[in-house]
Amino acid sequence: MLLLAALLLGGCATRAPAPAASRDGPAASTPSDLVKRPDAEPRVETIRSGGPNKPYEVMGQRYVPLSGDPAYSETGLASWYGRQFHGRPTSSGEIYDMFGMSAAHATLPIPSYARVRNPANGREIVVRVNDRGPFHPGRIIDLSYTAALKLDLLRGVAPVQVTRITQAEIRAGTWQRPTDEPPPLYAPANAPGAPQRDTTATLAQVSAGGSWLQFGAFARLDGAEALRQRVAEADLELLPLLAIVNEGGLHRVRAGPFPDPAEARAWAERLRSGYAIDSALIEKR
């Protein structure tokens, strides 16, 4: 039955979420020049009405790919996929290359080209959409390993803005950035030779007062980042308020400030009852 289900799913041209027991991640060894690899170069390609552009269903959710040459822009969470799918067919039938500049999207026409921007650092890339996914609430795009690296998103799920480059823009050449506009810097944080930076909030940033929710405290930063990701995926509205605070030698995951304790308590109850995420109210004077 598992083999039959896999064959049926493959026939629907979708990439199902990985089993919980499996682990995705970077390759055992990666090329040294990934940050220098060029973005996908937009070109007009035939978009078939069938194949990967047919309506499909994953985990009881029905998806209807966009047709024609639609304009599309959306802000949401981006994730990335790596070695678990490397070398396997994508929804388009092409082989997935985690070191290329590609992406998966649930409903954009295949193939499409899209500009992806990380608002946290201003970096932008262009990817070619040739796969379906992600199939997690709140996530709008799955990036290849190299695409995530160039945006500095390898630490986990993070907000991005995705804008489709239409075929009309490709024909007219209007999709390109002005030649006098400086290109974004792609040196990833903490890479050799790159400026070292702390991605957590400082104590000064959260000392102005107000009501805060604390979700946990960790000795290791990666534990705090994993919890921050879980809270962000639970409710996107809370994402702009989430921070990791260095305090007392611990990395504390907090959200705030809220205008008053009542609103903070309402959020705490919403997360506890809906997502089994506990928190404690902290008042800063």
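Check the entry above for the structure.
Quantities reported herein were computed from a predicted structural model and do not represent experimental measurements. (Residues numbered from 1 in each chain as written. Predicted model: local features only at pLDDT ≥ 70, side-chain atom pairs only at ≥ 80, totals over all residues. Heavy atoms only, no water.)

Visitor: If you had to explain the sheet that holds strand β11 (residues 250-258) to someone new, which residues and values would you point to?
Guide: Pairing is antiparallel in the open sheet, where four strands are placed in the order β10-β11-β9-β12. Here the strands that pair on one side only, and so sit at the sheet edges, are β10 (242-247) and β12 (280-284). Taken pair by pair, the neighbouring strands of this sheet meet at an average axis angle of 40 degrees, ignoring direction. Alignment of strand β9 (residues 210-218) against β12, held across five bridges, turns out to be antiparallel. Bridge pairing in β12 links W212 to I282. Against the sheet, helix α5 (residues 261-275) makes contact with β9, β11 and β12, and its axis sits at roughly 40 degrees relative to β9, the strand it touches most. (Pairing = 2+ DSSP bridges. Helix = DSSP H or I, 4+ residues; strand = E, 2+ residues; numbered from the N terminus. Axes fitted to C-alpha atoms, helices over the stretch in contact; angles between N-to-C directions. Contact = heavy atoms within 4.5 Å.)

Visitor: Lay out the environment of V35 in plain terms, naming residues and giving numbers.
Guide: Looking at the secondary structure, you find V35 in the loop between α1 (2-11) and β1 (56-58). Separated by 111 residues in the primary sequence, V35 and T146 place their C-alpha atoms 7.2 Å from one another.

Visitor: Describe in detail the pairing of strand β3 (residues 73-80), supporting the description with residues and values.
Guide: Sheet topology places β3 next to strand β8 (residues 158-165); six bridges connect them, and they run antiparallel. Across the sheet, L77 pairs through a bridge with P159, a residue of β8. As judged from the four bridges shared by β3 and strand β7 (residues 139-143), these two strands associate in the parallel manner. When the sheet's bridge partners are listed, L77 is paired in β7 with R139.

Visitor: How would you sum up the sheet that holds β7? Please name residues and give values.
Guide: Sheet strands pair via backbone hydrogen bonds, and the direction of the pair is either parallel or antiparallel. Strand order in the closed barrel formed by six strands is β3-β7-β4-β6-β5-β8, with mixed pairing between adjacent strands. The sheet shows a mean angle of 45 degrees between the axes of neighbouring strands, taken without regard to direction.

Visitor: Tell me about α5, and please be specific about residues and values.
Guide: The end-to-end C-alpha distance of α5, which contains 15 residues, comes to 21 Å, matching closely the 21 Å that a straight helix rising 1.5 Å per residue would cover. For α5, the set of buried residues is A264, W267, A268 and L271. The buried residues of α5 all sit within an arc of 100 degrees when viewed along its axis, so they share a single face. Projecting away from the buried face of α5 at angles above 90 degrees are the exposed residues A262, R265, S273 and G274. Among the structural elements, β9, α4 (221-234), β11 and β12 are those in contact with the buried residues of α5. The positive-phi residue at the C-terminal boundary of α5 is A276, with phi of around 55 degrees. (Expected span 1.5 Å × (residues − 1). Buried < 20%, exposed > 50% of the residue type's maximum accessible area, 1.4 Å probe, protein only. Arc of directions from axis to C-beta.)

Visitor: Tell me about the nonpolar core, residues and numbers included.
Guide: Ranked by size, the top nonpolar core spans 21 residues in total, and within it V116, V127, I141, L143, L153 and V162 carry the most contacts. Listed by contribution, the elements that provide at least two residues to this core are β5 (112-118), β6 (123-131), β7, α2 (145-151) and β8. In this structure, L153 is in contact with A78, W80, N118, L143, A148, A158 and V160, ignoring residues within four places of it in sequence. Counting residues in each nonpolar core, the second largest holds 18 residues, with L227, V231, L238 and A264 among its members. (Core = buried A, V, L, I, M, F, W, Y, C linked by side-chain atoms within 4.5 Å.)

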